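Structural characterization, general
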Amino acid sequence: MQASEIELIEGGCLCGGIRYRVTGEPLARSLCHCRSCRLGAGAPSVAWVVLHSKDLVFVTGTPARFQSSPGVLRDFCAGYGTSLTYQRENEPETIDVTTASLDRAEDFAPEREIWTAEKLAWEALNESLIQYPGSSRTKAE
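Reading guide: rules and limits
- Residues numbered from 1 in each chain as written.
- Predicted model: local features only at pLDDT ≥ 70, side-chain atom pairs only at ≥ 80, totals over all residues.
- Heavy atoms only, no water.
- Pairing = 2+ DSSP bridges.
- Helix = DSSP H or I, 4+ residues; strand = E, 2+ residues; numbered from the N terminus.
- Buried < 20%, exposed > 50% of the residue type's maximum accessible area, 1.4 Å probe, protein only.
- Contact = heavy atoms within 4.5 Å.
- Polar contact = N/O pair within 3.5 Å; in protein donor to acceptor, adjacent residues only side chain to side chain.
- Phe/Tyr/Trp six-rings, centres within 6.5 Å; stacked < 30°, edge-to-face > 60°.

Here we have eight strands laid out as an open sheet, ordered β6-β7-β8-β9-β4-β3-β10-β11, and mixed in their pairing. Unpaired on one side and paired on the other, β6 (64–69) and β11 (130–131) mark the two borders of the sheet. Pairing of strand β8 (residues 83–88) with strand β9 (residues 94–98), which is carried by two bridges, proceeds in the antiparallel orientation. Across the sheet, threonine 85 pairs through a bridge with valine 97, a residue of β9.

What follows is about unusual backbone geometry. Located in the positive-phi region is tryptophan 115, a residue other than glycine, with phi close to 55 degrees. Inspection of the secondary structure assignment puts tryptophan 115 in the loop between β10 (112–114) and β11.

Here we come to the environment of threonine 82. Topologically, threonine 82 is positioned in the loop between β7 (72–76) and β8. Looking at threonine 82, the relative accessible area reads 18%, which means it is buried. Along the sequence, threonine 82 and serine 101 sit 19 residues apart, while their C-alpha atoms lie 7.9 Å from each other. For threonine 82, the residues in contact, after removing those within four places along its chain, are Cys13, Leu14, Asp75, Phe76 and Cys77. A polar contact of 3.1 Å, which involves the side chain of threonine 82, links it to the backbone nitrogen of leucine 14.

A word on the pairing of strand β2 (residues 19–22). Residues of β2 alternate between two faces, with Tyr20 and Val22 buried on one and Arg19 and Arg21 left unburied on the opposite face. Sheet topology places strand β1 (residues 9–12) next to β2; four bridges connect them, and they run antiparallel. Pairing of isoleucine 9 across the sheet is with valine 22, part of β2. Hairpin connection from β1 to β2: six residues lie between these consecutive antiparallel strands, with glycine 16 at a positive phi of about 85 degrees. Where β2 lies against strand β5 (residues 56–60), four bridges are found, and the strand directions are antiparallel. Across the sheet, arginine 19 pairs through a bridge with threonine 60, a residue of β5.

The tally for this structure, following the rule as stated, stands at two aromatic pairs. When the ring of tyrosine 20 is compared with that of phenylalanine 58, the centres are 6.2 Å apart and the planes differ by 75 degrees; the resulting orientation is edge-to-face. With tyrosine 20 in strand β2 and phenylalanine 58 in strand β5, this residue pair connects regions lying 38 residues apart in the sequence. Its relative accessible area of 2% is what places tyrosine 20 among the buried residues. Of the residues examined, phenylalanine 58 reaches a relative accessible area of 27% and is grouped as partly exposed. Taken together, a centroid distance of 5.9 Å and an interplanar angle of 55 degrees make the contact between tryptophan 48 and tyrosine 86 tilted. Taken together, the residues span a long stretch of sequence, with tryptophan 48 in strand β4 (residues 46–52) and tyrosine 86 in strand β8 at a distance of 38 residues.

From the geometry alone we can't say anything about function, so treat these as descriptive.
Shown next as structure tokens:
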């Protein structure tokens, strides 16, 4: 693919105060069911695109940052609360971006579901995806 053919991956928050651009290819795409992600987003599960940190650039605005648990930082829009990123302090080379905040979220469907052991009982799993009871770093069921 030539440089002129590469489509930009961009996204942002609800109010438009925060805009970002992704300059590299995603490493992974996950749908997380953990309680922390659910509370952070106010949603039954959260889809994430995992990137190299160097590939994420905020082009408009500066997100607010919150330490949601020891060693975990989450960025969000302070104006309307849109959840934007998740990053482990001990893994600064990667960062997760909320799939729903991407302009073309439909192009980044999850390839796996993680933390299924913590999912809400009324939310159905997608049986076509690889399922992990915890982190995807553990063995799949």
